[in-house]
Amino acid sequence: MKNSIAELVAEIETKYDVRGIQTSRFNRSFEIYPWIKAKLFHKLVLGKESLANKSSKSLLLQFKSLFYGTWNLFIHKYEIWAFTNSVERIEINGRYSDKLFDKISSATKGKILLIEFQYFKKFPLRKVASKYVSSKALFLLSEEIYGRLFLRKFKVNNHEIITEIQNELKCQVNLNSILRKNLAQYRMMKFWLKILPNPKYVFMSVAYNHYGYIRAFKEASIPLIEFQHGVISENHQAYNYKAKLSPYQFPDYLAVFGENERRFLTQKSQIPIQGVSIIGRSIIDHYLNENKEKANKKNICVALQDGPIGDKAIAFLLDFNKASEIKYNFILVPRRTSEMTYKNLFEFPVNFSFSKKNIYEALALCDVNITAYSTVASEALSMGKVSILINIENKAKEVFEESLGENPYVHFIDQPNDLVRILQKEIPSKYEIAGSNNLNIKSDYQNNCTIMMNLLPNIKSQF
């Protein structure tokens, strides 16, 4: 990519009147640039559109999860609805916990309902740690039906600006699908808010996938707080705004891992939010205390990424392994791509294995973390692990150089030979490494959450 995401965002949002890209429906106007931006830059980076075609298989999977705790939507009034994804669940002491929202339940007296998108993973209700959980399928299927029946044609004001942006980026997305998704979200959430007991607050992971929901909650005067789930930086298009847009489809508040994210959101981005709280990560606090000090670098955790860059990272490590006299144990932890898919692409030597454990358990057993640009690069530091980033297509530096570039326990590498020198260094105390990352992941999650929850009554929905 010739320019970084940050440079492209700045160029587009200062050159074009992106706020003027609008559509009208339901006697309302919608600023649709954020909808398009999220998908356009995703495709630009990964080469494919994130708005997947709704195949018969994906719809069948949603139908199968339709009754997964769905009664919980109707039988209680909740203080909080928390929109999450089943991939956030990890096994701790035999129960599958949501690493974003389960721990925060102890900081509030009201009930929290987790509304969970289930596509890649599904866990038996009896094995999840959440007290109240419901599949998101009821919402998703109603949106799909409504969109197909009633949302067919769209008129877009200043459509020519979209064309110019796409031509400039040399990247095209399916505008009709994007409009249909977000407008169906809005219309059906308005309907469900009339049917269901309304929460006092909404918590959300990945707010940029839920613009329609956010608008509906704002119109109902329900404050919305987004919880950081991954990287937030100037090279993440969903959080870096140079144009001043209306706040009606953005969160009111963000809860982030550390001071660097707060500083970026409040000082460098024009994203229209009211404020930011720093809470850290519960899962990091847990595993920092669980993992033991390591004396060598024989076991290396590899946090894989989906897509071409993830494949290139594996090829990089295989090349290193061929040239290295020391055969390290590489523990590969996939995200969504299956182990079999990787094994069909690569021939792995005996010192490469796939972990059945979650990424944090795997990290706790290893000495070093290697990744391309996963958030695990920062999380590993806070668990006391040296973090190595393979700088493929300069992606690692785009994402992490600003936040991690000065950390003495972070190493950006370009060639397999670079890895030899790093692995020969002595490992300091895990607490020394963890302390070096306080700006990115603040410790004492439970206390931080209590402080944030005490702020909720002061947060008013911004519309």
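Structure: see above.
This structure is a prediction, so every number in the text was calculated from the model and none was measured.

### Quick word on the sheet that holds strand β15 (residues 352–354)
Across the sheet, 6 strands lie side by side as β15-β14-β13-β16-β17-β18; this open sheet has parallel pairing. Looking at strand neighbours, the two that pair on one side only are β15 and β18 (410–413), the edges of this open sheet. Averaged over all adjacent pairs, the angle separating strand axes in this sheet is 25°, with direction ignored. In terms of strand pairing, strand β17 (residues 386–390) meets β18 through 4 bridges, oriented parallel. Bridged to isoleucine 388 within β18 is histidine 411. Sitting on the sheet, helix α15 (residues 395–404) is in contact with β17 and β18, with an inclination near 155° to β18.

### Describing the nonpolar core
Grouped together as the largest cluster of nonpolar side chains are 76 residues, with contacts concentrated most on Trp81, Phe83, Ile165, Met189, Phe217 and Leu265. Among the elements that make up this core, the one with the highest residue count is helix α7 (residues 175–195) (10 residues). What methionine 189 contacts, discounting residues up to four positions off in sequence, is Trp81, Phe83, Phe139, Tyr213, Ala216 and Phe217. Ala313, Ile370, Tyr409 and Leu423 belong to the second-largest nonpolar core, a separate cluster that totals 43 residues.

### Points about the environment of lysine 127
Relative to the helices and strands, lysine 127 resides in the loop between β6 (112–117) and β7 (133–135). Lysine 127 gets classed as partly exposed once you look at its relative accessible area, which sits at 37%. Remark: the alpha-carbon pair of lysine 127 and serine 97, spanning 30 residues in sequence, is separated by 9.0 Å. Residues in contact with lysine 127, not counting those within four places in the same chain, are Gly94, Arg95 and Tyr96.

Thresholds applied
Sequence positions are assigned chain by chain, starting from 1 and proceeding in written order. Reporting of local features is limited, given that this is a predicted model, to residues whose pLDDT is at least 70; pairs of side-chain atoms are given and counted only at 80 or more, and all residues count toward the totals for whole chains, interfaces and linings. Think of the side-chain values as coming from all heavy atoms in the structure, minus any hydrogens and water. Pairing between strands is defined by DSSP: at least two bridges between the two strands are required. Under the scheme used here, helices are H or I runs from DSSP no shorter than 4 residues and strands are E runs no shorter than 2 residues, and both carry numbers assigned from the N terminus. Here an angle of 0 to 180 degrees is reported between the N-to-C directions of two axes, which are lines fitted to C-alpha atoms, with helices fitted over the stretch in contact. Any pair of residues with heavy atoms lying within 4.5 Å of one another is described as a contacting pair. To form a nonpolar core, buried Ala, Val, Leu, Ile, Met, Phe, Trp, Tyr and Cys residues must be joined to one another through side-chain atoms within 4.5 Å. For every residue, the accessible area obtained with a 1.4 Å probe (protein chains only) is divided by the maximum for its type, and the residue is called buried under 20%, exposed over 50%, and partly exposed between those limits.

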